Amino acid sequence: MPKRVLLGLLLACGLAAPVLAQEPKTGGVINAVIQPEPPGLMLAMVQNGPTQMVSGNIFEGLLRYSPKLEPQPELAESWSVSEDAKTYTFKLRKGVTWHDGKPFTAADVLFSIEMLKQTHARARTNLAQVDKVEAPDDYTVVFTLKQPFGPFLGIFEVGSMPMVPKHLYEGTDWKTNPYNNAPVGTGPFMFKEWQKGSFIRLAKNPNYYEKGKPYLDEIYWQIIPDAAARSVAYETGKVDVLPGGSVENFDVPRLTKLKDTCVTGAGWEFFSPLAWLWLNNRQGPLADKRVRQAVMYAIDRDFAKDVIWNGLGKVATGPSASTIKYYTDDVKKYPYDPAKAKALLKEAGYKGEKIRLLPLAYGETWQRWGEAVKQNLMDVGINIETIATDVAGGNQKIGDWDYDIAFTYLYQYGDPALGVGRNYISSNIAKGQVFNNVEGYSNPEIDKLFADGAVATPDSKRKEIYEKAQKILVEDVPVAWMLELQFPTITRCKVKNLITTGIGVNDGFKDAWLDK
Amino acid sequence: MLSFISQRVVKGVIVLLAIVVLNFFLIRLAPGDPAVVMAGEAGASDQVFVKQLREKFGLDKPLPEQLFIYVKGVVTLDLGFSFRQQAPVAKLIGERLPATLLLTLTAFAISLMLGVLFGTFAARFAGTFLDTAITVFALIFYAMPIFWVALMGILLFSVTMDWLPSFGYETVGANLTGLAHAVDVAKHLIMPAMTLGLFFMATYTRMTRASMLEVKRLDFVKTARAKGLSDAVIQRRHVLRNALLPVVTLAGVHSGTLIGGAVITETVFAWPGIGRLMYDALLQRDYNLLLGVFVICSAMVLIFNLITDLVYRLVDPRIEFAS
């Protein structure tokens, strides 16, 4: 064989090899960790994190979203928007069946929407702009809005709007329906078994509408309540997937150094968790904008990112995470500058009054972050008292406005109208509840900007409005933004294509396969 | 004896009801609201949603009415509904109780047997190297926190030596049956049961040793020796039997509290028992579930106390049942 041909063949093989290696293989079982144990799996009734993670395999939404948050088909294969941006028409996929064999049709979509309005707080808020929903035929659903609503195409992922089987829920008492404990969806995996306190088993849906998918035979979600024990379970080969947040951050570098271990921070683009400190704007020194700005200058956020979060994530510049729409970094900057913080405190006349700090009771990582922030604030002369509490107790204190500074992190759901405005508009000040405007910030200009931004068209107009809102908020510092969090997902390298969308592990394992 | 038992059962039921009422108020004294916890987890907490949840939980009703509903339920053996887990409390506890009983009874048996055995040896060879070794050994396990022993056990026997599984009740996905399944469960049981058992073993060792040394000095032992009985017989039939009473008392107290002590062990070893169920319910302020677990634990303490009283009689025939 002439040398050139041989070289050509070798090159061709060499080039082809990676492509061939990426050809998905069918079969195999994945053991993943789920923490904490979900209280239930019926996604329309329970919406906490672990439920979404497991049930994202069982249920589906009309759409899913790419890492850049572009809508992609799921149960809807196409969609169109009217010129006045008030009518959205979805064409549903044909040939989709529920796990019990009944066909999925537009009637299920209409029923799901009615049910979710009563059982799913976020869906109800998201659907507030919908005037009516109609199904002209079995495979078409038309949403008519009261007014244009910019983020409308962003509310259809499985966790935000899961589809529910009408034939199993209509006319029943939803909260005691037996299918809550043996959920039936259209997703790539079917519910098989739940040994409470031990594991949840899902098996491949053989009639899944995307031919050839899913690739895996089974998924075992293992329930291991102790963080150290979860690390050991991975080290000893008992589990293959540690979804983001499963292990303490200080274990992450050790685990990622293990043989055949891959790690990614991808898959959080849709949720964009943003951590910040609630600052009680109502009373005491923090009612003064200069003291709040001093807090921003006093905290070494790079240290938190590099040391406490192992370099993952990004220092936040303001109320929007850089991954969501209309983000701008053209805002006032708050670098770590203790001298400036001290000067601002002096100017504001801070006399060393005691300030209570509530860390987040989500484990060691948050505890340590609390300690680091306390240290930073004390360094510039702020008199901090840490209050120890569990999650429920902490929520009550925050909801009752009985705090000065409190840690939190919230999801942003891709659009400022869905996940940002809620924390700053004054109509969201309501005592007794958490995760709204608990800091008590009230600015009519901001209220108007968020109200206008949600309904403005075209996109360029929305961009302009939200950029302005970000600038005002960053100047006012209603809360102290810390980090855009990235929870690392740790897997054996043989697990391929686990995260393919901006929804990450919560979007189900339908694309995942094992390179055995 | 029957009248003694029936009297104790009646008293027990009254105590249980008092515990239920007390716990009902105690739980509600803790800050935190189950509706807010659930709304928070859902990532949304608009007023309508929280109000809806409160109505669903029955938390919107006046406290005396909530108590009345609950006590009425308990009297008719209905422990209520966990709205968080969307299942009847009795079912949730029923699913978890067997695992806890297996763990705690095994740990109890290990601790009692080893404790009495080591205690006897230590007393028999008091002042020797063996006595010191046993005492130090017992002290180490008594002094070390359970979670630490558990983590060290995992590091040594799972991570380093790979002898025992580090978590769970059985090998997930192995689908074993019969003897193979029993062996699998036993392998998973060894570390949690030893961890929990060694702590209590230490107490029994020290108690047995001290008690035996005390009894040894009594006159009837001298009499037995004067009668010419062998040392083994004296130790077993006279000293140990008399020395066991305080150990039985202690075991009676422990048997009830073992379930509470199992919380940490169950958490570290991912053992699917009610200890963990209780811990999760507490964090989430799942009132009905938490109260349900308390009722079961209290009932256990009462039952074990009754058994302890009956065992007294077996150990020491001089004790009579007062009716």
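Quick caveat, the model's predicted, so the values are computed rather than measured. (Residues numbered from 1 in each chain as written. Chains lettered and ligands numbered in written order. Predicted model: local features only at pLDDT ≥ 70, side-chain atom pairs only at ≥ 80, totals over all residues. Heavy atoms only, no water.)

A. Representation of unusual backbone geometry. Gln35(A) connects to Pro36(A) through a cis peptide bond whose omega is -10°. Along the chain, Pro36(A) falls in the loop between strand E1 (29-34) and helix H2 (49-55). The peptide bond linking Thr457(A) to Pro458(A) adopts the cis configuration, its omega dihedral lying at -10°. If you trace the backbone, Pro458(A) turns up in the loop between helix H14 (444-455) and helix H15 (459-476). In this structure, Phe435(A) takes a positive phi of about 65° despite not being glycine. Relative to the elements of secondary structure, Phe435(A) occurs in the loop between helix H13 (416-419) and H14. You will see that Asn175(B), though not glycine, has its phi angle at about 50°, which is positive. By relative accessible area, which is 63% here, Asn175(B) ends up exposed. (Helix = DSSP H or I, 4+ residues; strand = E, 2+ residues; numbered from the N terminus. Buried < 20%, exposed > 50% of the residue type's maximum accessible area, 1.4 Å probe, protein only.)

B. Here's a closer look at the sheet that holds strand E15 (residues 354-358) of chain A. Spatially, E14-E18-E13-E17-E15-E16 (chain A) is the arrangement adopted by the six strands of the open sheet, whose pairing is mixed. Lying at the two open borders of the sheet, with one neighbouring strand each, are strand E14 (314-315) and strand E16 (383-386) of chain A. (Pairing = 2+ DSSP bridges.)

C. Molecular detail of helix H10 (residues 338-348) of chain A. All names here are of chain A. Residues of H10 that are buried: Ala341, Leu344, Leu345 and Ala348. Down the axis of H10, the buried set is contained in an arc of 100°. They therefore lie on one face. The outward face of H10, more than 90 degrees from its buried face, is lined by the exposed residues Ala339, Lys346 and Glu347. (Arc of directions from axis to C-beta.)

D. Main features of the nonpolar core. In this structure, Leu62(A), Trp221(A) and Trp369(A) are the most contacted members of the largest nonpolar core, which totals 148 residues. Val20(B), Phe24(B), Leu92(B) and Ile259(B) belong to the second largest nonpolar core, which has 28 residues in total. (Core = buried A, V, L, I, M, F, W, Y, C linked by side-chain atoms within 4.5 Å.)

E. Spotlight on the interface of chain B and chain A. In this complex, chain B contributes 44 residues to the contact, which on the side of chain A involves 43 residues. Of the roughly 3800 Å² buried at the junction of chain B and chain A (both faces included), carbon and sulfur atoms supply 56%. Counting across the interface, chain B meets chain A through two salt bridges. With a shortest N-O distance of 3.0 Å, Arg96(B) and Glu37(A) are connected by a salt bridge. Of all the elements in the fold, those that place two or more residues in the side of chain B that touches chain A are helix H2 (34-41), helix H3 (47-57), helix H5 (89-124), helix H7 (146-160), helix H10 (231-268) and helix H11 (274-283) of chain B. It is H3(B) that provides the largest number of residues to the side of chain B that touches chain A, a total of six residues. (Contact = heavy atoms within 4.5 Å. Buried area = accessible area lost by both parts, 1.4 Å probe. Salt bridge = Lys/Arg side-chain N within 4 Å of Asp/Glu carboxyl O.)

F. Quick look at the pattern of salt bridges. All names here are of chain A. Evaluated as defined, the whole model comprises 41 salt bridges over all chains. In this structure, the salt-bridge partner of Lys332 is Glu475, at a minimum N-O distance of 3.7 Å. One end of the pair, Lys332, is in the loop between E14 and H10; the other, Glu475, is in helix H15, with 143 residues separating them in the sequence. In this structure Glu475 comes out as partly exposed when scored by relative accessible area, which is 30%. What emerges from the salt-bridge pattern is a single network uniting Glu60, Arg64, Glu74, Glu210, Lys213, Asp507, Lys510 and Asp511.

G. Examining the state of the cysteines more closely. Residue and element names in this part refer to chain A. Applying the stated criterion across every chain yields a total of one disulfide over all chains. A sulfur-sulfur separation of 2.1 Å characterises the disulfide bridge that pairs Cys262 with Cys493. A torsion of 110° about the S-S bond marks the disulfide between Cys262 and Cys493 as right-handed. Taken as a pair, Cys262 in strand E12 (residues 261-264) and Cys493 in the loop between strand E19 (489-492) and strand E20 (495-496) lie far apart in primary sequence, 231 residues in all. Taking the relative accessible area as the measure of exposure, Cys262 reaches 33% and is therefore partly exposed. Looking at Cys493, the relative accessible area reads 23%, which means it is partly exposed. (Disulfide = S-S within 2.5 Å.)

H. Just the confidence of the model for chain A, in detail. Chain-level pLDDT for chain A is 91 on average; 96% of the residues reach the 70-or-more range. The low-confidence segment residues 1-20 of chain A, where pLDDT is below 50, has two contacts with residues more than four positions distant or belonging to other chains. (pLDDT = per-residue confidence, 0-100.)

I. Spatial organisation of a positive patch on the surface. Residue and element names in this part refer to chain B. Taken together, the side chains of Lys227, Arg236, Arg237 and Arg241 make up a positively charged region of the molecular surface. Relative to the helices and strands, Arg241 resides in helix H10. Under the relative-accessibility criterion, Arg241 is labelled partly exposed at 40%. (Patch = residues over 30% accessible without salt bridge, like charges linked within 9 Å, V, L, I, M, F, W, Y side chains within 5 Å. Areas by Shrake-Rupley, 256 points an atom, 1.4 Å probe, with all protein chains shown as cover. Lys, Arg positive; Asp, Glu negative; His and termini not counted. Charge placed at Lys NZ, Arg CZ, Asp CG, Glu CD.)

J. Seen up close, helix H9 (residues 301-308) of chain A. All names here are of chain A. Among the residues making up H9, those that are buried are Arg301, Ala304, Lys305 and Ile308. One side of H9 holds all its buried residues, which, seen down the axis, span an arc of 115°. Elements that come into contact with the buried residues of H9 comprise helix H8 (289-298), E14, helix H11 (364-379) and strand E18 (479-484). Two to three positions downstream of the cap, the backbone nitrogen of Asp302 sits 3.4 Å from a side-chain oxygen, assigning the N-cap of H9 to Asp300. Just beyond H9, the residue with positive phi is Asn310, at close to 55°. (Polar contact = N/O pair within 3.5 Å; in protein donor to acceptor, adjacent residues only side chain to side chain.)

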